[in-house]
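# Understanding the architecture of this molecule
The lines below spell out each chain.
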Amino acid sequence: MRGRTRTALALAATAMAAGLALPATAGAHAYLVKTVPAASVVLNAPPPNIQLTYDEAVEPRFAIISVTDADGHQETTGPVHRSPADPDTLVVPLRPNLSEGWYLIYWRAISVDGHPVNGAFTYAVGPNPGPAPQFQVPSISATATTPGLLITRWAMFVFVMVAIGLFVLRMLIARSLVRTVDGVSLKPLTIGIGLAAALGLIAIPVYLDFSTANDSLRSVFDLGALVPLYRVTAFGRAIVDLELCFALFSLAAAVALWLDRPDRERRSVAELVASVGALLAAAAVLIVPGAAGHAAQTSPRGLTLLFDWLHLASGSVWLGGLVGLLVLWWTVPFQTRVPALSAFVPRFSNVALGSVVVVGATGIGEAIVHMPAVNALWETGYGEAILVKAGLLGVAMLIASGNLLRSRPRLIAAQRQPELGEPAARLLRGLVSGEVAVVIAIVFAAAVLSSLAPPPPAFALENSALAKVGPGRVVETITHAGYQLQVLVSPNKAAAPDSFALRITKGGRPVRGANVTLLFNHLEMQMPTQEYQLTESAPGVYSRAAPALVMVGRWGLTFQVTPKNGPPFTALIVDQANG
Amino acid sequence: MKLREKEKLVIKRTQRFTWALAATLAAIALLTGCGGAGSGLTVPTVAPAKVYTLGGFTPSSSVAPGHPVTVSFTVLLPSGKPLTQYKTGTGPHTGVHLIIVRDDLAYIIHQHPPVGPNGLLRQTVTFPAPGPYKVLVDVYPNIPGGQANFQLFRSIDVTGNYKPQPLPAYKANLTIDGYHFDMAAHSAVHAIQAQFLNVEVRGPHGEKPTFVPWFGALAHAIFFRQGSLDYFHTHICAPNAPNCGVLPGVASSRISGTSTEPGKLTIGVLLPVPGTWRLFLQMKLGGRIVTAPYTLEVKS
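Residues numbered from 1 in each chain as written. Chains lettered and ligands numbered in written order. Predicted model: local features only at pLDDT ≥ 70, side-chain atom pairs only at ≥ 80, totals over all residues. Heavy atoms only, no water.

Turning to the overall build of chain B, a few remarks are in order. The helix and strand inventory of chain B stands at 1 helix and 17 strands. With 300 residues in all, chain B has 44% of them scored as buried. As displayed, chain B offers around 15000 Å² of accessible surface, 57% of which is attributable to carbon and sulfur atoms. (Helix = DSSP H or I, 4+ residues; strand = E, 2+ residues; numbered from the N terminus. Buried < 20%, exposed > 50% of the residue type's maximum accessible area, 1.4 Å probe, protein only. Areas by Shrake-Rupley, 256 points an atom, 1.4 Å probe, with all protein chains shown as cover.)

Below is the structure:
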């Protein structure tokens with residue numbers, strides 16, 4: 001009867017773990033596709049509301065739409081809500097009968113993937129609004145990398161990885177020690193798993209709370225307002241899934257540990273089922289960060305998800321194993337320490353070596369997939385975080401090689417020469433402690449890395465630019481394809497209507513009647529390309545005013561020119577736009 | 001035996017730690033969970049924008065009617081510096097147009113002050129009668145990449161007993177300074193719908209005058225809306241310059257009128273909002289500027 005109950009419990013846990021193994025995945029950064037009123041437009045009558053349409057259903061409860069006149073007076077009369085006609089559209093009501101003049105719309109929204117995005121544009125109520133003022137665009141937190149968020153994210157990763165890694169160590173590597181070395185107890189490892197799991201179960205909701213607080217610009221202690229928002233974004237739901245999967249892992253792991261009799265070589269069926277359930281739940285836990293993050297948005301998706309999962313899984317085995325090794329070192333009685341380590345270290349070091357190789361290989365694989373160009377490694381924050389992480393991994397491998405080349409052979413030799421044992425064990429402790437510290441630092445670098453947006457494919461454009469210009473007003477002359485091209489951008493400010501012009505001359509004469517299109521690509525964030533047709537406003541001068549530089553950063557401006565007589569050509573310049 | 005005790009100690013400590021953690025979390029939840037009210041997000045504070053202004057505007061107080069008054073000012077950029085670069089040339093969209101109307105639209109003054117040192121603009125004006133006047137400064141700056149045209153406004157109060165005059169109803173035939181103006185019958189004018197109005201002009205002896213260019217156009221059609229004093233203007237262009245009034249990026253200039261033969265004007269009308277509008281049709285006849293005012297009812 002009791003055996004049956006155990007088996008049923010374990011089976012249920014396995015089934016639930018399998019059901020949760022594939023959480024919902026997320027889309028890319030939210031991008032503003034349409035506004036009513038249009039940017040920079042002069043209306044003849046005041047609009048009743050402002051409508052912003054995104055390429056995904058952003059959450060109104062996390063969105064801000066500020067509408068102010070030139071004096072900075074707020075003109076909205078109610079909270080942002082979703083348009084009943086279109087789920088991708090946010091609406092904010094305005095004070096009726098706004099007076100003539102220019103208005104600044106500043107918006108901030110949270111992408112489905114959890115990243116804040118923001119922008120600004122202006123419109124005017126006419127017929128005579130006067131000249132467009134220079135608005136001061138406010139800046140509020142538009143980052144997922146605040147210290148509080150990073151630390152909670154890091155703590156979440158460390159506890160979850162240690163718990164899973166310790167469980168794998170306890171069930172698959174350390175179990176036989178009880179039988180092979182007298183006086184060794186695995187209870188400290190079990191307590192360690194329990195402790196890490198408990199802290200992980202706390203750290204996940206704390207991170208979710210910090211993340212939701214950051215997105216909704218509230219205090220992390222404002223739980224009454226934050227809890228209803230936890231499951232609002234796909235990102236929040238993924239973290240809730242993570243908590244559920246991890247709780248399931250903890251449950252199944254507890255059942256497996258409770259059923260396990262390490263003094264017997266054979267495991268019971270119930271224990272096997274519970275262990276498999278726990279491992280499946282752990283596998284599900286480790287797929288969530290990738291599915292909720294950038295891995296799920298980068299093509300080829302299956303490959304990046306697999307890389308991400310393997311990376312996390314092998315990292316967990318490595319980190320948990322090292323922590324377990326230290327736990328054993330400290331808890332095994334002095335007289336059994338050397339024999340226990342002599343038996344355990346050779347087994348573990350093989351697993352650790354394999355894990356490190358997988359961590360490194362999948363890390364390189366992910367870096368290759370995410371990096372559009374080699375120079376993105378040192379020119380973007382994402383690339384720099386990869387370099388730091390890789391450097392730390394190198395340090396950890398250096399320390400590990402010390403163990404592999406010194407501690408391990410000496411501990412093996414200690415079976416014949418006991419006097420070697422104690423110094424080798426001390427060396428091992430020192431090196432493993434250092435390695436654990438470095439691996440925890442690597443996890444922190446990973447927390448930073450996964451909080452940053454990877455550079456977009458447009459980054460590679462930078463390497464073929466004819467000129468790099470900005471910030472500030474641009475007057476740049478370049479010679480290209482036999483033409484003199486003068487690029488004018490004014491005032492070259494982000495989130496404001498800018499005017500763009502290209503003066504084309506050949507042999508000092510204006511080139512008239514050409515067809516000129518201007519393409520905009522943000523080099524640091526993934527956004528759809530914007531395309532504008534320029535009109536000839538003076539002989540050989542093709543211009544257009546557009547609020548195209550929707551964000552601060554480097555933009556690729558591609559002029560596609562088809563002269564009336566002559567082959568078409570393109571000219572790319574990279575423009576830095578500041579706020 | 002020793003080992004067992006050590007284990008028990010560890011377990012005991014773990015239990016204590018867990019309880020303490022649970023108690024702390026419960027306390028935090030109790031302290032904060034009840035206080036939160038789920039309203040919308042607080043919008044950020046936005047600092048006032050930097051704007052274009054009229055600097056050093058005179059007269060700074062009310063003036064007397066019938067006496068010459070110097071109206072002077074500089075157009076100040078958002079940076080606070082005076083605007084000194086204006087579009088130049090013979091076209092209608094150059095320099096500064098100073099248009100002053102009394103609030104009841106009974107009078108109009110249209111001048112073109114020259115640009116002085118440091119962007120100073122000065123114009124001597126004589127206000128014909130008491131009342132509140134709206135001063136419209138129509139600016140055509142030469143700022144690369146900047147706005148091609150914008151208007152700034154001020155008011156001047158002229159002392160005396162102001163008796164606002166109701167706008168006369170639409171009348172097709174007008175006689176101004178000896179010239180006869182006759183607007184042809186037309187369908188109703190609607191807001192945001194382009195329409196052309198034909199006006200025939202005859203001299204004092206019935207002759208058809210030949211229109212001469214004045215500020216880049218054969219005639220200027222200046223519109224003001226009753227009450228709100230919204231402003232709009234179009235140009236009547238010579239056949240050899242059909243788009244004399246069109247300015248890239250300026251919505252109000254999208255329509256132009258034409259004059260293909262002496263004595264005949266075709267006026268382009270595209271008014272932004274419905275209401276009663278006063279059209280001041282201005283042209284140079286016999287060396288003088290003649291203004292023919294029409295009242296237009298613009299339907300929605």
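That covers the picture; the talk isn't over yet.
In terms of regular secondary structure, chain A is built from 12 helices and 18 strands. By the burial criterion, 56% of the 579 residues in chain A qualify as buried. The long-range share in chain A, meaning contacts at least 24 apart out of those at least 6 apart in sequence, stands at 70%. When the accessible surface of chain A is split by element, carbon and sulfur atoms take 63% of a total near 23100 Å². (Contact = heavy atoms within 4.5 Å.)

Between Val-36 of chain A and the following residue, Pro-37 of chain A, the backbone shows a cis peptide bond with an omega angle of 0 degrees. By the element assignment, Pro-37 of chain A lies in the loop between strand S1 (32-36) and strand S2 (42-43). Here the bond from Thr-58 of chain B into Pro-59 of chain B is cis, since omega is 0 degrees, no more than 30 degrees from zero. Assignment of secondary structure puts Pro-59 of chain B in the loop between strand S1 (53-58) and strand S2 (68-76). The phi torsion at Ala-481 of chain A lies on the positive side, around 55 degrees, for a residue other than glycine.

Here we come to the confidence of the model for chain A. Residue and element names in this part refer to chain A. In this model, chain A carries a mean pLDDT of 86, and residues with pLDDT of at least 70 account for 92%. Element-level pLDDT for chain A is lowest in helix H1 (residues 2-19), with a mean of 49, against a maximum mean of 95 in strand S6 (residues 89-93). Considering only residues more than four positions removed or in separate chains, one finds that residues 13-28, a stretch of pLDDT under 50, has 38 contacts. (pLDDT = per-residue confidence, 0-100.)

What follows concerns helix H11 (residues 381-413) of chain A. In this model, H11 of chain A (33 residues) spans 47 Å end to end at C-alpha, consistent with the 48 Å of a helix rising 1.5 Å per residue. For H11 of chain A, the principal kink sits at Asn-403 of chain A and spans about 30 degrees. (Expected span 1.5 Å × (residues − 1). Bend = angle between axes of the 7 residues up to and from the residue.)

Before going further, it helps to spend a moment on the sheet that holds S2 of chain A. Residues and elements named next belong to chain A. Overall, mixed pairing links the 4 strands, which are arranged S2-S8-S7-S4 in an open sheet. The open sheet is flanked by S2 and strand S4 (64-69), the only strands paired with a single partner. The sheet contact formed by S4 and strand S7 (residues 101-110) spans 6 bridges and is antiparallel. Looking at the pairing, Ser-66 lines up with Tyr-106 of S7. (Pairing = 2+ DSSP bridges.)

Locating Ile-236 of chain B in the fold gives a position in strand S13 (residues 231-237). With 30 residues separating them in the primary sequence, Ile-236 of chain B and Thr-266 of chain B have C-alpha atoms 6.9 Å apart.

Here we come to helix H4 (residues 187-215) of chain A. With 29 residues, H4 of chain A ought to run about 42 Å at 1.5 Å a step, and its terminal C-alpha atoms sit 42 Å apart, in line with that. Note on H4 of chain A: the residue one or two positions beyond its end, Leu-217 of chain A, has a positive phi of about 55 degrees.

Following the criterion strictly, the structure yields 13 salt bridges over all chains and no others. Via salt bridges that share partners, Glu-59, Arg-61 and Arg-82 of chain A belong to a single interconnected network. (Salt bridge = Lys/Arg side-chain N within 4 Å of Asp/Glu carboxyl O.)

Residues and elements named next belong to chain A. The buried count for S6 comes to 4 of 5 residues, which makes it a mostly enclosed element. In terms of strand pairing, strand S3 (residues 49-54) meets S6 through 5 bridges, oriented antiparallel. When the bridges of S6 are listed, Thr-53 appears paired with Thr-89. Both strand S5 (residues 81-82) and S6 contribute to a ladder of 2 bridges, which runs antiparallel. Considered in S6, the bridge of His-81 is made with Val-91.

Once that is clear, we can look at the sheet that holds S1 of chain B. Residues and elements named next belong to chain B. A sheet is described by the order of its strands in space; here 3 strands give the open sequence S1-S2-S5, paired in antiparallel fashion. Strands with a single pairing partner mark the edges of an open sheet, and in this sheet they are S1 and strand S5 (120-126). The sheet shows a mean angle of 25 degrees between the axes of neighbouring strands, taken without regard to direction. As paired elements, S1 and S2 share 4 bridges and run antiparallel to each other. Considered in S2, the bridge of Thr-58 is made with Ser-72. (Axes fitted to C-alpha atoms, helices over the stretch in contact; angles between N-to-C directions.)

The next point concerns the side chain of Ser-355 of chain A. Residue and element names in this part refer to chain A. If you trace the backbone, Ser-355 turns up in helix H9 (residues 334-370). Ser-355 sits in the buried class, given a relative accessible area of 6%. Sequence-distant contacts of Ser-355, defined by excluding residues within four places in its chain, comprise Ser-314, Val-317 and Trp-318.

Turning our eyes to something else, we now look at the packing of helix H8 (residues 301-331) of chain A against helix H12 (residues 421-451) of chain A. Residue and element names in this part refer to chain A. Viewed as axis vectors pointing N to C, H8 and H12 meet at an angle of 145 degrees, and their least axial separation amounts to 10 Å. As for the relative orientation of H8 and H12, their crossing is left-handed in sense. Taking contact as the criterion, the partners of Trp-318, Leu-319, Leu-322, Val-323, Leu-325, Leu-326, Trp-329 and Trp-330 in H8 are, on H12, Ala-425, Arg-426, Leu-428, Arg-429, Val-432, Ser-433, Glu-435, Val-436, Val-439, Ile-440 and Val-443. Here the contact of H8 with H12 is composed, by residue class, of 15 nonpolar, 1 polar and 3 charged. (Left-handed = near helix turned anticlockwise from the far one by under 90°. Nonpolar A, V, L, I, M, F, W, Y, C, P; charged D, E, K, R; others polar.)

So, about the packing of helix H2 (residues 147-173) of chain A against H4 of chain A. All names here are of chain A. Between H2 and H4, the shortest axis-to-axis distance is 7 Å and the interhelical angle comes to 155 degrees. The angle between the axes of H2 and H4 places the two elements in the roughly antiparallel class. For H2 against H4, the interelement crossing comes out left-handed. (Parallel < 35°, antiparallel > 145°, perpendicular 65-115°, else oblique.)

This paragraph deals with the nonpolar core. Residues and elements named next belong to chain A. Ranked by internal contacts, the top residues of the largest apolar core, which has 89 residues, are Phe-167, Phe-246, Phe-249 and Phe-344. Those residues in contact with Phe-344 that lie beyond four places of it in its chain are Leu-169, Ile-173, Ala-174, Leu-177, Leu-325 and Leu-328. Of all hydrophobic cores here, the second largest spans 55 residues; its members include Leu-52, Val-489, Phe-500 and Ala-577. (Core = buried A, V, L, I, M, F, W, Y, C linked by side-chain atoms within 4.5 Å.)

Turning our attention to the packing of aromatic side chains. Residues and elements named next belong to chain A. Summed over the entire model, instances satisfying the criterion amount to 18 aromatic pairs over all chains. On the numbers, 5.5 Å between centres and 20 degrees between planes, the contact of Tyr-103 with Tyr-123 is stacked. Of this pair, Tyr-103 sits in strand S7 while Tyr-123 sits in strand S8 (residues 116-125), and the two are 20 residues apart along the sequence. Among the residues examined, Tyr-103 registers a relative accessible area of 1% and is labelled buried. (Phe/Tyr/Trp six-rings, centres within 6.5 Å; stacked < 30°, edge-to-face > 60°.)

The side chains of a regular strand alternate, first on one face of the sheet and then on the other. Residues and elements named next belong to chain B. Residues Tyr-179, Phe-181 and Met-183 of strand S9 (residues 179-183) are buried on one face, while the alternating residues His-180 and Asp-182, pointing to the opposite face, are not. Here strand S8 (residues 173-176) runs beside S9; their pairing, made up of 4 bridges, is antiparallel. Residue pairing in the sheet places Leu-174 in a bridge with Phe-181 of S9. One ladder, built from 4 bridges, connects S9 with strand S11 (residues 195-202); its direction is antiparallel. Pairing of Phe-181 across the sheet is with Val-201, part of S11.

What follows concerns the environment of Asp-177 of chain B. Residues and elements named next belong to chain B. Looking at the secondary structure, you find Asp-177 in the loop between S8 and S9. Sequence spacing of Asp-177 and Ile-289 is 112 residues, and the spatial spacing of their C-alpha atoms is 9.9 Å. Among residues more than four places away in sequence, those in contact with Asp-177 are Arg-288 and Val-290.

Bringing the confidence of the model for chain B into the picture now. All names here are of chain B. With 85% of its residues at a pLDDT of at least 70, chain B reaches an overall mean of 85. Within the model, the stretch residues 31-39 combines pLDDT values under 50 with 14 contacts to residues more than four positions away or in other chains. In the model output, the complex is listed with pTM 0.68 alongside ipTM 0.79.

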